[in-house]
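Analysis of the macromolecular model
Letter by letter, the chains look like this.
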Amino acid sequence: MLDSPEISDAEYDEPMRELIAIEEAHPELITPDSPTQRVGAPPAEGFLPVRHRTKMMSLGDAFSFDELSAFLDRVERGLPNEKIDYVCELKIDGTATALTYENGLLVTGATRGDGKVGEDITLNIKTIRSIPLKLRLDKSPGFLEVRGEAYISKKQFEEINKERSKSGETLFANPRNAAAGSLRQLDPGITARRELDSIIYGLGFTSGEGFKTHWDVLQFLKKAGFKVSKFIRHVETRDEIFNFCEKWQEERDSLPYEIDGIVVKVNSLRQQESLGATSKAPRWAIAYKFPPEQKTTKVLDIVVNVGRTGALTPVAVLEPVKVAGSTVSRATLHNEDEMKRKDIRIGDWVVVQKAGDVIPEVVIPISSRRTGEEKIYKIPNRCPVCGAEAVRPPGEAVKRCTNISCPAQRFEHILHWASRGAMDIDGLGPAVVDELLKNKAIEDIADLYFLSKEELLNKIGHFQEKSAENLYNAINNSKNRPFSRVLFGLGIRHVGSHISDVLAQHFPSIEELENTSFDGLTAINEIGPAVTESVIKFFEQERNLKVVDKLKRAGINLREMIETGAPKKLGGLTFVLTGTLSRFAREEAGEKIKALGGRVSSSVSKKTDYVVAGENPGSKFDKAKSLGVKIIEEEEFVRLIGG
DNA sequence: GCACCTCGAGTTCA
DNA sequence: CTCGAGGTGC
């Protein structure tokens, strides 16, 4: 077997500490290629475009062994009567990068971009420890470009998401997105903390090196100091190729990083050249893509869940089965119509898969395995928790429990109040809320603020002094959350986080919101009749008024804070973002605008002050033009927000 | 009244 | 991520 050893991370770690010490003592000795220069560079302004010397092509896909065979047929036809051997590599699910070295020193790291022009992410690339800043060659070529995959290990990915979850940031869907996102950080310090890794698998434009095979190239890359995969295989027959694919399809879970397929390349560089390329992809390589992992399992039961709004949602209880890395035992069926459309019955054998990598989904029932014993499930007309009538309004898709004091709704409502987007009360999770309700310590959200430490300790079975103290403090600290979060936490129907922001902008205090009229609400952009009605209804309910009153007495912040400092730069201005911004994600830009007192709206109207147009702006751009709304480009926007 | 875009609400697992 | 539904503009 021709497996090749991988360079271990430890080899890069050891000399670091020593070096830092030396350089701190003698700053004049710091060289541009010093590993200490990997981090600490100032945040970049944005990313400059880099033109690739030779196009970074993508690979053709094969989604089955048939398609893979067809590819091999084409290769053989293209090289009649020649002996052909191949190299099989794991296709790591990361992000493609091109690294250029001049006279042995790393000068540029770039993303693939559209293949012709990528972005200069050199500072971020330098934080990847397995990428040498200097080649380990006696005599380096004047110009060397290598290509590879920058990725994040499964373990590190979970680590990152755990932290993001703590700080309330949106989670990365998969390691690939995490890697891509981390490489697009303006502050290399953040990239460094993400601990990316890299595997190099080929050469780009390079001066004066005469290789015969791809295998030789890989050996050279290893010698030059790059991390090259140890799982690469040099093969000669089709069977070996298929075996390699099959083996890794089964064993992909055992790898420290995610792979989404196998790359098969013609080994001889002369043969590669002779096969050539289409405008999109080389004819001498292909990516065999693993099918999304699907498993079959049995629907043991279908149960209903009662949500915060009283919605009855059917959930399939499944015979536990391992799919794409985790064990699946439940899957939502969304609603009655969806259940009927897919015709899923209790006792059915079904195909399950992960939608988007995390959330299990029932794809389809296997009707051929039916015995006739399967039962069609109907959502009950009574709430399974409180027994009240459950009604599905005409034209709507969900059945709802009509009892506003239904224990299930109350429970979910309190959890919602404590949730990250609302009051963010750490330590107030399902188990604690359950005990507090059961032991009659609270009835509603406002009661939380009248609990003493002792009560918390007494009423929550598993609590010790420390946890009681922590929760007590967490509850107290939530009193001065911004008004918009309080509004969101109230759980008014149709009032989510965004509409809460909008309402808080227009009504500086809860009294003003309470006393407004139907027209006063609908006049506001983004507030239509449905939202208006539900807000007005909320304040008509005696129960709700009592809770609001108690919240007031508890000292909850029920007015928009008026900033006493310097007037905010963007006070009262409304922005609409369109197109792709290069410096930050849209969400980030939105955060910045809001932080400076501005508003972000989703659609352009006469009220819009600025439309910020990024790359490929959408229809909002045209709308802004026709309405005569001021359109600014990213440059000017950055100047406007002063950074 | 319709198309399009957003937002809201519910959900899973480790 | 998913679906459903609200808001806006034609």
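Residues numbered from 1 in each chain as written. Chains lettered and ligands numbered in written order. Predicted model: local features only at pLDDT ≥ 70, side-chain atom pairs only at ≥ 80, totals over all residues. Heavy atoms only, no water.

Points about the overall build of chain A
Spelled out, the test is: By the criteria applied, helices consist of DSSP H or I runs no shorter than four residues and strands consist of E runs no shorter than two, each listed in order from the N terminus. For every residue, the accessible area (1.4 Å probe, protein chains only) is compared with the maximum for its type, and the residue is labelled buried under 20%, exposed over 50%, or partly exposed between those bounds. Residue contacts are counted whenever heavy atoms from the two residues lie within 4.5 Å of one another. Each accessible area is a Shrake-Rupley estimate made with a 1.4 Å probe; only the visible protein chains count as cover when residues are assessed.
Within chain A one finds 24 helices and 22 strands. Split into buried and exposed, the 643 residues of chain A put 44% on the buried side. Here the analysis covers contacts within chain A between residues at least 6 apart in sequence; of these, 67% occur between residues at least 24 apart. Accessible surface for chain A amounts to roughly 33100 Å². Of this, 50% is attributable to carbon and sulfur atoms.

As for unusual backbone geometry
Backbone geometry places N103, a non-glycine residue, at a positive phi of 45°. For N103, the location among the structural elements is in the loop between β4 (95-102) and β5 (105-111).

Things to note about the packing of aromatic side chains
Just so we agree on the cut-off: The pairing test for Phe, Tyr and Trp rings, Trp by its six-membered ring, is centres within 6.5 Å, and the orientation test on the planes gives stacked under 30 degrees, edge-to-face over 60, and tilted for anything in between. Placement of a positive charge over a ring is assigned whenever Lys NZ or Arg CZ falls within 6 Å of the ring centre and within 35 degrees of the normal to the ring plane.
Following the criterion strictly, the structure yields eleven aromatic pairs and no others. By way of ring pairs, the aromatic residues F65, F242, Y288 and F290 are connected into one cluster. Over the face of the ring belonging to W349 we find R369, whose NZ or CZ atom lies 4.0 Å from the ring centre.

Considering the nonpolar core
Most often, soluble globular proteins have nonpolar side chains that are buried together. Quick reminder of the rule: We define a nonpolar core as any set of buried Ala, Val, Leu, Ile, Met, Phe, Trp, Tyr and Cys residues linked to one another through side-chain atoms lying within 4.5 Å.
If you look at the biggest cluster of nonpolar residues, it comprises 52 residues, and the most contacted ones within it are W417, I425, L436, Y449, L503 and L551. Every element with two or more residues in this core is listed here: α12 (407-418), α13 (430-438), α15 (465-477), α16 (483-489), α17 (497-506), α18 (510-514), α20 (529-540) and α21 (542-554). A per-element tally of this core places α12 first, with five residues. Those residues in contact with Y449 that sit more than four places away from it in its chain are W417, M423, I425, I475, S478, K479, L551, A554 and I556.

Here we look at a negative patch on the surface
Basically, it comes down to this: To count toward a patch, a residue needs a relative accessible area over 30% and no salt bridge; like charges are then connected within 9 Å, while nonpolar side chains (Val, Leu, Ile, Met, Phe, Trp, Tyr) are connected within 5 Å. Salt bridge criterion: a side-chain nitrogen from Lys or Arg within 4 Å of a carboxyl oxygen from Asp or Glu. Charged-residue counts in this description rest on Lys and Arg as positive and Asp and Glu as negative, His and the chain ends being excluded. In this description, the location of a charge corresponds to atom NZ of lysine, CZ of arginine, CG of aspartate or CD of glutamate.
Taken together, the side chains of E158, E159, E163 and E195 make up a negatively charged region of the molecular surface. Residue position: E163 is located in helix α5 (residues 154-166).

With respect to the sheet that holds strand β9 (residues 233-235)
Stated formally: Pairing between two strands requires that DSSP report at least two bridges joining them. Note on geometry: axes are lines fitted to C-alpha atoms, helical ones only across the stretch in contact, with angles between N-to-C directions running from 0 to 180 degrees.
Spatially, the five strands line up as an open sheet ordered β2-β11-β10-β3-β9, and their pairing is mixed. Strand pairing shows two members of the sheet lacking a second neighbour, β2 (60-62) and β9, which therefore form its edges. This sheet shows a mean twist of 30° between the axes of neighbouring strands, independent of strand direction. As paired elements, strand β3 (residues 86-92) and strand β10 (residues 259-266) share seven bridges and run antiparallel to each other. Across the sheet, the residue bridging to C88 is V264, located in β10.

Regarding the packing of α20 against α21
Basically, it comes down to this: To sort the angles, those under 35 degrees are grouped as roughly parallel, those over 145 as roughly antiparallel, those from 65 to 115 as roughly perpendicular, and the leftovers as oblique. Amino acids outside the nonpolar list (Ala, Val, Leu, Ile, Met, Phe, Trp, Tyr, Cys, Pro) and the charged list (Asp, Glu, Lys, Arg) are all regarded as polar, and Gly is one of them.
For the pair α20 and α21, interaxial distance at closest approach is 5 Å and the crossing angle is 75°. In terms of orientation, α20 and α21 fall into the roughly perpendicular class. Of the residues in α21, those touching α20 at F538, F539 and E540 are E542, N544, L545 and V548. Classifying every residue of the contact of α20 with α21 gives four nonpolar, one polar and two charged.

A look at the side chain of N557
Under the convention used in this document: N or O atoms closer than or at 3.5 Å make up a polar contact, with two conditions inside protein: a donor-capable atom paired with an acceptor-capable one, and, for residues adjacent in sequence, both atoms drawn from side chains.
Tracing the backbone through its elements, the reader meets N557 in the loop between α21 and β19 (574-578). Engagement of the side chain of N557 in a polar contact is seen with the backbone nitrogen of R559, the distance being 3.3 Å. If sequence neighbours within four positions are ignored, N557 has contacts with K479, N480, R481, P482, F483 and V486.

A short note on the pattern of salt bridges
Applying the stated criterion to the full structure yields 24 salt bridges. The closest approach of N and O atoms between E336 and R392, which form a salt bridge, is 3.7 Å. Placement of E336 in helix α11 (residues 336-342) and of R392 in the loop between β17 (390-391) and β18 (399-401) is noted, with a sequence separation of 56 residues between them. Ionic pairing is found between R370 and D348, a salt bridge with its closest N-O pair at 2.6 Å. Of the two residues, R370 is situated in the loop between β16 (359-365) and β17 and D348 in the loop between α11 and β15 (349-355); the sequence distance between them amounts to 22 residues.

Remarks on the side chain of D260
As for its placement among the helices and strands, D260 is situated in strand β10. With sequence-adjacent residues up to four places away left out, D260 is seen in contact with K91, D93, R252, Y288, K289 and F290.

Examining helix α3 (residues 65-78)
In plain terms, the rule: Expected helix span is given by 1.5 Å per residue-to-residue step, counting one fewer step than there are residues.
Helix length check: α3, at 14 residues, gives a terminal C-alpha distance of 20 Å against a target of 20 Å (1.5 Å per residue), a fit within 8%. Packing partners of the buried residues in α3 comprise β2, β3, α9 (238-251), β10, α10 (269-275) and β11 (285-289).

Regarding helix α6 (residues 175-183)
Rule in force here: Taking the helix axis as origin, the arc is that swept by the directions to the C-beta atoms.
Three or more residues of α6 are buried, namely P175, A178, A179, S182 and L183. What you see down the axis of α6 is that its buried residues fit within an arc of 125°, all on one side.

Considerations on the state of the cysteines
Going by this rule: By disulfide we mean two sulfur atoms from cysteines, separated by a distance within 2.5 Å.
A full pass over the atoms with the stated rule returns zero disulfides. Here C383 stays unpaired: no disulfide links it, and the sulfur of C386, its closest cysteine neighbor, is 3.7 Å away. Of the residues examined, C383 reaches a relative accessible area of 3% and is grouped as buried. In this structure C406 is not part of a disulfide, and its nearest cysteine sulfur, from C386, lies 3.7 Å away.

A word on the sheet that holds β5
Two orientations exist for strands paired in a sheet by backbone hydrogen bonds: parallel and antiparallel. Strand order in the open sheet made by the four strands is β5-β4-β7-β8, with antiparallel pairing throughout. Whereas interior strands pair on both sides, the edge strands pair on one side only; in this sheet they are β5 and β8 (197-203). Shown here is a sheet whose adjacent strand axes are inclined to one another by a mean of 30°, direction ignored. Pairing between β4 and strand β7 (residues 143-151): eight bridges, direction antiparallel. When the sheet's bridge partners are listed, L99 is paired in β7 with V146. Set on the sheet, α6 makes contact with β4 and β7; between it and β4 the angle comes to about 40°. Sheet strands in contact with helix α8 (residues 214-223) are β7 and β8, and its direction is about 135° off that of β8.

Here's the deal with the environment of A98
As for its placement among the helices and strands, A98 is situated in strand β4. Considered as a pair, A98 and T122 are 24 residues apart in the sequence and their alpha carbons are 9.9 Å apart. When residues no more than four places from it in sequence are discounted, the contact partners of A98 are H52, M56, T108, G109, A110, E145, V146 and R147.

A closer look at the confidence of the model for chain A
Put simply, the rule is: For every residue, the pLDDT score states the predictor's confidence, bounded by 0 at the bottom and 100 at the top.
Taken over all residues, the pLDDT of chain A has a mean of 83, while the share at 70 or more is 82%. At the low end of the mean pLDDT range in chain A sits helix α1 (residues 10-13), at 35; at the high end sits β9, at 96.

Some thoughts on the packing of α12 against α13
Put simply, the test is: In this scheme, a crossing is called left-handed if the near helix is turned counterclockwise away from the far one by less than a right angle; it is called right-handed if the turn is clockwise.
Two elements in contact, α12 and α13, have axes separated by 10 Å at closest approach and are oriented at 130°. For the element pair α12 / α13, the angle class is oblique. The hand of the α12/α13 crossing is right-handed. Residues R410, F411, I414 and L415 of α12 form the contact with α13, whose participating residues are P430, V433, D434 and L437. For the contact of α12 with α13, the class distribution of residues is six nonpolar, no polar and two charged.

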